[in-house]
Amino acid sequence: MPSLSERILAGVAGEYVDREVDRAYVHDGTGVLTYETWRALGTGEVARPSRVYVLFDHIVPANNSTTADLQHELRNFALFHGLQFSDIGGGICHQLMGEGIALPGEIIAGADSHTCTLGAFGAFATGVGATDMAAIVASGMTWFRIPDTIGLIFSGTLSGGAEAKDLALTYVARLGMDGATYRALEFIGDGVSSLSMDSRLTICNLSVETGAKTGMFYADQVTREYLMAYGQETAIQDPPDRTYNQEYPFDLGAIEPVIAVSPRVDTIRPVDELAGIPLDQIFVGTCTNGRYEDLSRFAAVVRGKKVKVRTIIGPASRSIMSKAARTGVLSDLIAAGCTILPPGCGPCLGAHMGVIGEGEICLSTSNRNFRNRMGVGGEIYLSSVATAAASAIRGEITSPGGMV
Amino acid sequence: MRIEGHAVCLPADIDTDQIIAGRYLRTKDRSVWKRHVFEDLDADLAERLDGAVIVAGKNFGCGSSREQAPVALKVAGVRAIVAPSFARIFFRNAINIGLPLAEAEILCNDGDRVEIDLSAGMITIAGKTRDIRPLSPRMLEMLAAGGLVSHWRQKR
């Protein structure tokens, strides 16, 4: 039986195909070079403006005149051509596309490596660079080499202090940073149905850290109900009865809280082994863990207490922030001493708001801990939200056991 | 299509943050990328890149989709990159901007003479010749044109 990639791209693994792109998006970081390259193509045309999204999230609001000028130019391009536009404060591109826009079975290209996040909906969603994106904007098409697929078979349910992020870091460590290069991941098995959409988005988000082209869940009843809330009536994709050339079984019940230590995402240690390491900053947010489920889980731990380390919270979108305000999660976070950022990528890429200093350690719920990424000479440890929350209360790395 | 240059050897898993850091991305001035390429990895490396063929370990260019990474290498004078494997977005980006890549696992000493014949699918380093994994006809065509933009303009 064909893989989900083969079904959506309508071909067999290894084949090169040209396909229409259902949705294409850029953010303020990659949009500038995309626009410049699109102009160099010289067509002056946007093939399908209703299918092209410009979503500001990387440096929002602008931090200096250079950024402001670049954003001004990109904003004008989007508005002039009638593209789908979200200005500062709207949220992170992958999250916005995941709020009732990306649909099962679609082909989605985003000018950002974490576009694979949207595989959570059973879409073929993959990151491209600015030049590929410029050609997609102009023609509505691009080429793909249909990937081979690796099966990650989930059984059981997450328990104890472990959450989707721990599962994600665990599979990245198992496969390695290039374990799935040029290939796609499929997450299947009995364990899938217990995972919420927010959890699936986190799990798919990390797939590019194995080199994968995308990571996908088959759309099921959970997907259907989530999209229904956005007024989208969608079908279910039946998972195949098949085996994969490469398969990795995961017993979700055996997943433990882990941390990916600087500077590699595929190098994990049990949180217990690192307990007591003092922290300079905690960051909760990004396209990995800035969703409502994450903010709510963090707030449940810090409610009525004070954080002992500077703690930055970046909601992934305005609607998430708004829901957190409605339910009291936001005021709990503020009362606990957290600093709230506008919706966006925050300090994840080290360009803006929350950059760390030399010798500092940041425990982050994001997806990359590369050397110097959040600030020259600083170290990044990646964890789940529950681990970040327990650690915030103590000011040092702390196991979430018992606190959730 | 033939390329030659001096080898600059690099380890495996060079990510795009190491090629050009996030703090230098908000500009259209390519000389900024040329100046800061590999800054966090080895500040002296940039000087050795003019006319170079980078010979790296596996998974070169992993991480972010930033096209500034291959552009920075190109404006710094890198003529081609050889590695056992590349991160896929970097791979497409490099071909799209006309920076040749060759998939091969070879031993490298800094300064070795490297010759690549992309059409024939061969690489010679320090006098020893071996095969490289062939690029698809589409990619060879794109590289021959100098990248996607000029290829596109030629076709229309």
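See the structure printed just above.
Residues numbered from 1 in each chain as written. Chains lettered and ligands numbered in written order. Predicted model: local features only at pLDDT ≥ 70, side-chain atom pairs only at ≥ 80, totals over all residues. Heavy atoms only, no water.

### So, the pattern of salt bridges
In this structure the tally under the stated criterion is 29 salt bridges over all chains. Close ionic contact of Asp-132 of chain A with Arg-92 of chain B constitutes a salt bridge, the shortest N to O distance being 2.8 Å. One end of the pair, Asp-132 of chain A, is in helix α5 (residues 130–139); the other, Arg-92 of chain B, is in helix α4 (residues 88–96), on a second chain. Comparing Asp-132 of chain A with Arg-92 of chain B, the two get one shared label, buried. Salt bridges here are not isolated pairs; linked through shared partners, they connect Glu-163, Glu-293, Asp-294 and Arg-297 of chain A. (Salt bridge = Lys/Arg side-chain N within 4 Å of Asp/Glu carboxyl O. Helix = DSSP H or I, 4+ residues; strand = E, 2+ residues; numbered from the N terminus. Buried < 20%, exposed > 50% of the residue type's maximum accessible area, 1.4 Å probe, protein only.)

### Quick look at the environment of Thr-37 of chain A
Position of Thr-37 of chain A among the secondary structure elements: in helix α2 (residues 28–41). Along the chain, Thr-37 of chain A and Ala-134 of chain A lie 97 residues apart, while their C-alpha atoms are 5.9 Å from each other.

### A closer look at the state of the cysteines
In the structure shown here, the tally under the stated rule is 1 disulfide over all chains. Shown here is the disulfide that connects Cys-9 of chain B with Cys-108 of chain B, its sulfur atoms set 2.0 Å apart. Handedness of the Cys-9 of chain B-Cys-108 of chain B disulfide follows from its S-S torsion of about -80 degrees: it is left-handed. On the criterion of sequence distance, the pair formed by Cys-9 of chain B in strand β1 (residues 2–9) and Cys-108 of chain B in the loop between β4 (101–103) and β5 (113–117) is long-range, its members being 99 residues apart. Cys-9 of chain B gets classed as partly exposed once you look at its relative accessible area, which sits at 23%. Here Cys-345 of chain A is not cross-linked by a disulfide; its sulfur's nearest cysteine counterpart is in Cys-93 of chain A, at 6.4 Å. (Disulfide = S-S within 2.5 Å.)

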